[in-house]
Amino acid sequence: MIIKILLLIISISLFLNNTIGIDENQIWKSCGTSQDIFHINSILVKPTPPVKGKLVKINVNGTFIKDVVGGEAKIIAKYNNIMTLYNETNDLCSPTAQAIIGNCPFKKGQYLHSANFTIPTSAPNGYYSGNILLTDNFNNSITCINVAFNLE
């Protein structure tokens, strides 16, 4: 369950393409470039950082500069920088990925996605971090994102 929650937090933010420092109020940082296929217009996460037992609301608004019909999502998630919770490469258009990031294929133009979830109060306290790299069928970068936050 904790792995799914961390992956949801990371995956909803897949399309972040602005460089934002990681601190207690800003948990996202782009590792992408200006050549990425997806550009973020805004992202809103409340509360930031996520809080156990509270509803987390995420809204992403961005723009695809071209159609994306498939590709890969490389996802790594860690707990306290020691334990790897998840390390896999998945088809971008698989049912699992679509459940998290939206319906594939992605069309050129505006992209809106939102999600709401509650982190269980039983989730262990600690430092959670992750990286996601999305690429299209031609290995072009869609976006890259790092996420890190303390859960207390």
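Residues numbered from 1 in each chain as written. Predicted model: local features only at pLDDT ≥ 70, side-chain atom pairs only at ≥ 80, totals over all residues. Heavy atoms only, no water.

Novice: When you look at the nonpolar core in this model, what are you seeing that I'm missing?
Specialist: Nonpolar side chains in soluble globular proteins tend to end up buried together. Core analysis: the largest hydrophobic core is formed by 33 residues, its most contacted members being Phe64, Val68, Leu92, Phe106 and Ile142. Broken down by secondary-structure element, the contributors of at least two residues to this core are strand E2 (38-46), strand E3 (55-64), strand E4 (71-79), strand E5 (83-91), strand E6 (109-118), strand E7 (126-136) and strand E8 (141-151). Ranked by the residues each element gives to this core, the list is headed by E8, at five residues. (Core = buried A, V, L, I, M, F, W, Y, C linked by side-chain atoms within 4.5 Å. Buried < 20%, exposed > 50% of the residue type's maximum accessible area, 1.4 Å probe, protein only. Helix = DSSP H or I, 4+ residues; strand = E, 2+ residues; numbered from the N terminus.)

Novice: How should the packing of aromatic side chains be read in this particular structure?
Specialist: Note on aromatic pairs: each is described by the distance of the centres and the angle between the planes. In this structure the tally under the stated criterion is seven aromatic pairs. Here the aromatic rings of Phe38 and Tyr111 are separated by 5.7 Å at their centres, their planes lie at 90°, and the arrangement is edge-to-face. One end of the pair, Phe38, is in strand E2; the other, Tyr111, is in strand E6, with 73 residues separating them in the sequence. The exposure classification of Phe38 matches that of Tyr111, with both residues buried. Here the aromatic residues Phe38, Phe64, Phe106 and Tyr111 are joined through ring pairs into a cluster of three or more. (Phe/Tyr/Trp six-rings, centres within 6.5 Å; stacked < 30°, edge-to-face > 60°.)

Novice: Whenever I open this one, unusual backbone geometry confuses me. Can you help?
Specialist: When glycine is set aside, most residues are seen to have a negative phi, and most peptide bonds are trans. The peptide bond linking Lys46 to Pro47 adopts the cis configuration, its omega dihedral lying at -10°. Within the secondary structure, Pro47 is located in the loop between E2 and E3. The backbone of Asn80 sits at a positive phi, close to 55°, despite the residue not being glycine. Under the relative-accessibility criterion, Asn80 is labelled partly exposed at 32%. The backbone phi angle of Asn81 is positive, close to 55°, even though this residue is not glycine. Relative to the helices and strands, Asn81 resides in the loop between E4 and E5.

Novice: Hey, could you run me through the confidence of the model for the protein chain in this one?
Specialist: Should the pLDDT be low somewhere, the predicted coordinates at that spot are not to be read in detail. Taken residue by residue, the protein chain gives an average pLDDT of 80. The fraction at 70 or more is 81%. Within the protein chain, E7 carries the highest mean pLDDT (91), whereas helix H1 (residues 2-12) carries the lowest (48). Per-residue pLDDT stays below 50 along residues 1-7; that stretch engages in 20 contacts with residues further than four places along the chain or on separate chains. Note on residues 11-24: pLDDT under 50 across the span, and 57 contacts to partners over four residues away in sequence or across chains. (pLDDT = per-residue confidence, 0-100. Contact = heavy atoms within 4.5 Å.)

Novice: What is the right way to look at the state of the cysteines in this model?
Specialist: One way to say it: the disulfide is the covalent bond shared by the sulfur atoms of two cysteines. Summed over all chains, the structure comprises two disulfides. Between the sulfur atoms of Cys31 and its disulfide mate Cys144 the distance is 1.8 Å. One quick way to see it: the torsion about the S-S bond of Cys31 and Cys144 is about -85°, and its sign makes the bridge left-handed. With Cys31 in the loop between strand E1 (28-30) and E2 and Cys144 in strand E8, this pair connects stretches of sequence that are 113 residues apart. Exposure remark for Cys31: the relative accessible area of 30% places this residue in the partly exposed category. Among the residues examined, Cys144 registers a relative accessible area of 9% and is labelled buried. One disulfide in the model links Cys93 with Cys104; its S-S distance is 1.7 Å. Taken together, the residues span a long stretch of sequence, with Cys93 in the loop between E5 and helix H2 (95-101) and Cys104 in the loop between H2 and E6 at a distance of 11 residues. Ordering the disulfide-forming cysteines of the protein chain by sequence position, one finds them joined as 1-4, 2-3. (Disulfide = S-S within 2.5 Å.)

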